[in-house]
Amino acid sequence: MATALVYGIVIILIILNIILLMLYYSAKSNPYYVVYDEETKSALKRRVSSLKEDLESELVDFDVEEWEKTLEESIDEEVRNL
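Rules and cut-offs
Residues numbered from 1 in each chain as written. Predicted model: local features only at pLDDT ≥ 70, side-chain atom pairs only at ≥ 80, totals over all residues. Heavy atoms only, no water. Phe/Tyr/Trp six-rings, centres within 6.5 Å; stacked < 30°, edge-to-face > 60°. Buried < 20%, exposed > 50% of the residue type's maximum accessible area, 1.4 Å probe, protein only. Patch = residues over 30% accessible without salt bridge, like charges linked within 9 Å, V, L, I, M, F, W, Y side chains within 5 Å. Areas by Shrake-Rupley, 256 points an atom, 1.4 Å probe, with all protein chains shown as cover. Salt bridge = Lys/Arg side-chain N within 4 Å of Asp/Glu carboxyl O. Helix = DSSP H or I, 4+ residues; strand = E, 2+ residues; numbered from the N terminus. Domains from an automatic or database assignment. UniProt positions renumbered as here; feature names shortened; annotations may be inferred. Lys, Arg positive; Asp, Glu negative; His and termini not counted. Charge placed at Lys NZ, Arg CZ, Asp CG, Glu CD.

> If you had to explain the packing of aromatic side chains to someone new, which residues and values would you point to?
Enumeration according to the criterion identifies one aromatic pair in this entry. Look at Y24 and Y25: their rings are 5.3 Å apart centre to centre, the planes differ by 65 degrees, and that puts the pair in the edge-to-face class. A residue is classified by how much of its surface remains accessible, and Y24, at 47% relative accessible area, is partly exposed. For Y25, a relative accessible area of 51% corresponds to the exposed category.

What follows is the structure, given as structure tokens:
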């Protein structure tokens, strides 16, 4: 009885090790994060800052009423085409 219990535990541990190895190799081949060097980080930060400034300048010129009017016209045209 005790030997069957030991064999059962050993089999469970072997299966657990196989599963953990599979997870390890899966995570190793498809990392969830990317490590950048400092030059790439700074280039990305500059690009994001530039895009943020462009977006902010676009938002200053953005007219919500004109956008709503265009959207309503577009919806009306789509409804007429149905």
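> Please give an account of a nonpolar patch on the surface that cites residues and values.
Among the surface-exposed residues, L5, I9, I11, L13, I15, L16, I19, L20 and L23 lie close enough to one another that they form a single nonpolar patch of about 860 Å² accessible area. On the secondary structure map, L23 appears in helix α1 (residues 2–29). On the basis of relative accessible area, L23 is assigned to the exposed category, the value being 54%.

> Could you give me a rundown of the domain arrangement of the chain, with the residues and numbers involved?
Per the domain assignment, the segments of the chain are domain 1 (1–32) and domain 2 (36–81). Computed over C-alpha atoms only, the centres of domain 1 and domain 2 are separated by 50 Å.

> How would you sum up the UniProt feature "transmembrane region" (unreviewed entry) in the chain? Please name residues and give values.
Those residues carrying the UniProt feature "transmembrane region" (unreviewed entry) are residues 6–25 in this numbering. Overall, residues 6–25 shows 100% helix and 0% strand. The separation of its end C-alpha atoms is 29 Å.

> Which residues make up a negative patch on the surface, and what values do they have?
Taken together, the side chains of D63, E65, E66, E68, E72, E73, D76, E77 and E78 present a region of like negative charge at the surface. Here D76 lies in helix α3 (residues 64–81). For D76, a relative accessible area of 42% translates into the label partly exposed.

> Explain the pattern of salt bridges to me, and be specific about the residues and the numbers.
Tallying each qualifying case throughout the model produces one salt bridge. The salt bridge involving K41 is made with E38; its shortest N-O contact spans 3.7 Å. In this pair, K41 and E38 both sit in helix α2 (residues 38–61), three residues apart, roughly one turn of the helix. Given a relative accessible area of 36%, K41 falls into the partly exposed group.

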